[in-house]
Amino acid sequence: MMALCGALAVYIKRLCYKGFYLIYIAGFIMSEALIPNIELFIANIDPFSRLPASLMQKVTSTVKITYLAKGEVIASPKNEQDKYLFIVKTGAVEQRLLDGSLRGRLEEDDVFGFSLFSSSETRYQITAIENALLYMVPAKTIYHIQSHYPEYAQHFTAKPEDRIHSAVESTWSDMGDSSFFNRVSQVCSDKFVEVQSDTPIFQVATRMREQSTSCAVVKNQGQLVGIVTDTDMIERVIVAQKSTQLPISEIMSGLPITTTPDASVFDAAVCMMEKNIKHLPILENAQVTGLLSLYQLFQNHRIQAVYLINKIKKSQDEAELARYMPEREQVFLALANDKVPADLISTLLSIIMDTVNQRLIEIAIARLGAAPCDFCWIASGSHARKEANLLSDQDSAIILSDQSTDKDKVYFRHLAMIVTKGMDLCGYELCSGKFMAVTAKWCQPLSIWKEYYKKWVRSPDYERLLNLSVFLDTRVIYGNQQYRQTLVNEFKEMTAEPIFLSKLVRDAVENRAPLGIFHKLVLTKNEKNEKTLNIKRYGINIIVDLARIYALSAKSDTCNTSERLLAANKAGLIDDATLKNILSAYNFLKSFRFSYQFDMLSKGLTPSNHIDPDYFGSFERKHIKDAFRLIDNWQQFTKMKFS
Amino acid sequence: MFGLFKAKNPFEILEKQRKDFLNIQLPEQIRSSFKQPIANKDIMFDQLSLLVLDFETTGGEPSQDHIISMGWVEVHQKQIDLALKKHFYLNNSEQINHQTAVVNQIVPEMLEQGSSLDKAMTSLFSHCQNRVLVVHGKVIEKGFIDYYMQQKYGVSELPLLWIDTMKIEVWLANKTGGNTLSQDNRLTAVRKRYQLPQYNAHNALVDSLATAELFLAQIARIYRNKPVTLETLYKISQ
């Protein structure tokens, strides 16, 4: 009787499955996937998600599966055969270093064990903190992928820096012809015609028409002397009612800005944006060998940024400026959607911010009358570093001539008021720390600024350190460039002193990068979890702060974080490997922040720097962990180096 | 009958059965698969070699129904090894109720290319060497194997060591005072209780794998990570 019941139960067990069958079978049986469940699961886990289906099948057929009871420990591998890459299918495990400190916690869909493959392997113990089902990919399989499929090898490397580098590459750079990391010479030249400066306008127009191009370069005695576009033809000939018999030199733009074949596409694009031009002749040995146009680089809607800059430059007042600003968000959305590199997005947002700022100063001067003395308007913070994002607020200051009077100061307070209010109207929030030119303290003659810096550098207590870190990143937006340079030069030696730097380092290592994401919380070093990840404070800013310190040590003037890292590398303060690691981590975090803000905006939400752990997919969880690990190592290394 | 088994150590009984079995006139290929002694009762769970098995059949009665497919995976030292898996479709298609094949999503072409029952069984026996067999609901698998041996060679029962994960669930329910009658002990339901992933596709191989994972999870739940012998495992799974 019992046996019969059992038999019945077993049979029912079988029958009950049948309902599920229909959905799956056809595809799987055709592809001969015998264990579709596992194959499908692993195929969705980065980096396996990058492998072609045929290779995935091979990988799956080597997998081992194990189940750990809570508290169970995986012995550290004794030989090659014991080495695996682990994927957590269910449950959770914890990694602890030999000194007992937490290295990470891993849950469903997380991958770990990469470092077990490296020669300088990180020693840690794995303990199940919940009952856990683990899929194990043998080291031999990983080696097989690495040696037989070099195109996927970098995704399986033991080095977090290599993995994150390939993650940035595969998600964020456009690999097409117009890749911003290419050289200008690698990009196809746009069509153009070459004419002599005495050629009549109508002949130039005819040739442009014949070649169906929108641009002509003008030469005189073998030298490039000007450039003409179809827009110029309309504006300067038709609208201005000029005779088409006149020589082209009458209407061309003289002294054109040019680029060289070995310049980067990135720099060329930024140059066109900054100068508000759409064509850039490529000059090689005084010959025009090609033409780069913005239309080529920014296909479709990306060109919107150029039009926006143009409109800002022509705005008559604050209200008109503010009307255009929603387009800033559109520009950002278009760039982020096209996965334009984060560096380029922030550079473009900075250029837009510069242009608004400059235009507001011009508007203020037009309203108040000419400036009574020499001055310069300084941007500080992320704006100065050309690292603006949609959340960037205003950080500014004014340096006045030492000849300025108290009456002059009143003028500049008015000017600062107009500009600051105007910026606020345009969506650039007021700085909460009041680091703005409108604050009397930050609108002072050069001599007072020198006193400020002297005080800050000599005895940097908390408040002074804060002031200093804001004003160590400065860039002239308007006015006399010399004032900033004077300050920088005067304190260059003092700010490179080890004693001074060690104080900056002490402050910069206070925030430590988290360990990763676990159970919908951000896992921190002190094991006090947080609800959201402040990607700015615990990621990006750590790199920004350390890069500043290295740049000061290298006595470099530059403010941009990537450029600072490069300068420190050139000065021998950062080795090539660290440079690559930190740049990769930095680019990953910046790209990640942009894609987060993009998603927030697309959903009609207000973007922020606080990322909800729910937002992280398996891919992001894995790579953000790598990024944090790289940052943390560098932070600890820097602490030793400067203390 | 139960009393008889209780009186003697089941391992000893099985060892004797195996000796008797080897005296029967059988093809050497099958006979040689049973030459090895059965596993030692004191061997620890984490040192065990298991063969986890599943059959897909047209029904529950070996004398009327047929095996459509069989699949198994091996487990060594608590690790399921997907490199050591096997999956057979059997080509007894002319006897298969067409309806069943459709339900199982097995197309006639697959059955034609399938293996003969003899070939599949011989392969299974050779893989049983030094392995403890694990199934979920052994009535089907054991029933069909025994029926095959009976028909083919007149042997009533193969001297194999079976662990039944379904029986472990019954044992656990009894032990913890649960309701043994109303508890759903079908594989999918049990796996759900253990929070094992839902496997949406099913075939003999996937189900054998699902059973293997369940077995590891059962032992982890019952014994945490304390050592446990084969003898204990055997006792709770009958």
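In case you missed it, the structure is sitting above this.
Notes on the structure in this doc start here.

Calculation criteria
- Residues numbered from 1 in each chain as written.
- Chains lettered and ligands numbered in written order.
- Predicted model: local features only at pLDDT ≥ 70, side-chain atom pairs only at ≥ 80, totals over all residues.
- Heavy atoms only, no water.
- Phe/Tyr/Trp six-rings, centres within 6.5 Å; stacked < 30°, edge-to-face > 60°.
- Buried < 20%, exposed > 50% of the residue type's maximum accessible area, 1.4 Å probe, protein only.
- Helix = DSSP H or I, 4+ residues; strand = E, 2+ residues; numbered from the N terminus.
- Lys NZ or Arg CZ within 6 Å of the ring centre and 35° of its normal.
- Expected span 1.5 Å × (residues − 1).
- Salt bridge = Lys/Arg side-chain N within 4 Å of Asp/Glu carboxyl O.
- Pairing = 2+ DSSP bridges.
- Axes fitted to C-alpha atoms, helices over the stretch in contact; angles between N-to-C directions.
- Contact = heavy atoms within 4.5 Å.

1. Observations concerning the packing of aromatic side chains
Residue and element names in this part refer to chain A. A complete count under the given rule lists 31 aromatic pairs over all chains for this structure. Measuring from ring centre to ring centre gives 5.0 Å for Tyr411 and Phe412, while their planes differ by 85°; the resulting arrangement is edge-to-face. Residue Phe412 is classed as buried on the basis of its relative accessible area, which comes to 0%. Both rings, one in Phe588 and one in Phe592, keep their centres 6.1 Å apart while their planes meet at 5°; by these two values the pair is stacked. On the criterion of helical spacing, the pair formed by Phe588 and Phe592 is a turn pair, its members being 4 residues apart in helix 23 (residues 576-602). The exposure class of Phe588 is buried, given its relative accessible area of 4%. Ring-pair connections join several aromatic residues into one group, and the members of that group are Phe435, Trp442, Trp449, Tyr452, Tyr453, Trp456, Phe471 and Phe491. The side chain of Lys89 reaches across the aromatic face of Phe41, ending 4.0 Å from its centre.

2. Side note on helix 13 (residues 326-337) of chain A
Taking 1.5 Å per residue, 12 residues should reach 16 Å; helix 13 of chain A reaches 17 Å between its end C-alpha atoms and fits that length. Within helix 13 of chain A the residues assigned to the buried category are A:Glu327, A:Arg328, A:Val331, A:Phe332, A:Leu333, A:Ala334, A:Leu335 and A:Ala336.

3. Focus on the pattern of salt bridges
Residue and element names in this part refer to chain A. Per the stated rule, a full pass over the model turns up 35 salt bridges over all chains. Ionic pairing is found between Glu318 and Arg367, a salt bridge with its closest N-O pair at 2.9 Å. Residue Glu318 is found in helix 12 (residues 318-324), and its partner Arg367 is found in helix 14 (residues 342-368); the two are separated by 49 residues along the sequence. By relative accessible area, Glu318 is classed as buried at 15%. The partly exposed category is assigned to Arg367, whose relative accessible area is 46%. Two residues, Arg548 and Asp473, come together in a salt bridge whose shortest N-O distance is 2.8 Å. Placement of the pair is Arg548 in helix 21 (residues 536-553) and Asp473 in the loop between helix 18 (462-471) and strand 18 (474-479), with a sequence separation of 75 residues. One continuous salt-bridge network, built from bridges that share partners, spans Arg385, Glu387, Asp473, Asp545, Arg548 and Arg564.

4. Description of the sheet that holds strand 5 (residues 102-107) of chain A
Residues and elements named next belong to chain A. Taking strand neighbours across the sheet as the criterion, the 4 strands line up as 2-7-4-5 in an open arrangement whose pairing is antiparallel. The open sheet terminates on both sides in strands that have one partner only, identified here as strand 2 (73-74) and strand 5. Looking at chain direction, strand 4 (residues 92-97) and strand 5 are connected through 5 bridges and run antiparallel. By the bridge assignment, Glu94 is partnered in strand 5 with Arg105.

5. Some words on the sheet that holds strand 17 (residues 443-445) of chain A
All names here are of chain A. Reading across the sheet, the 4 strands line up as 17-16-15-18 and stay open at both edges, with mixed pairing between neighbours. Each end of this open sheet is capped by a strand with a single partner; those strands are strand 17 and strand 18. Ignoring which end each strand starts from, the neighbouring axes of this sheet average 30° apart. Helix 14 contacts strand 15 (375-380) and strand 18 of the sheet and is inclined by roughly 40° relative to strand 18.

Structural measurements only, silent on function.
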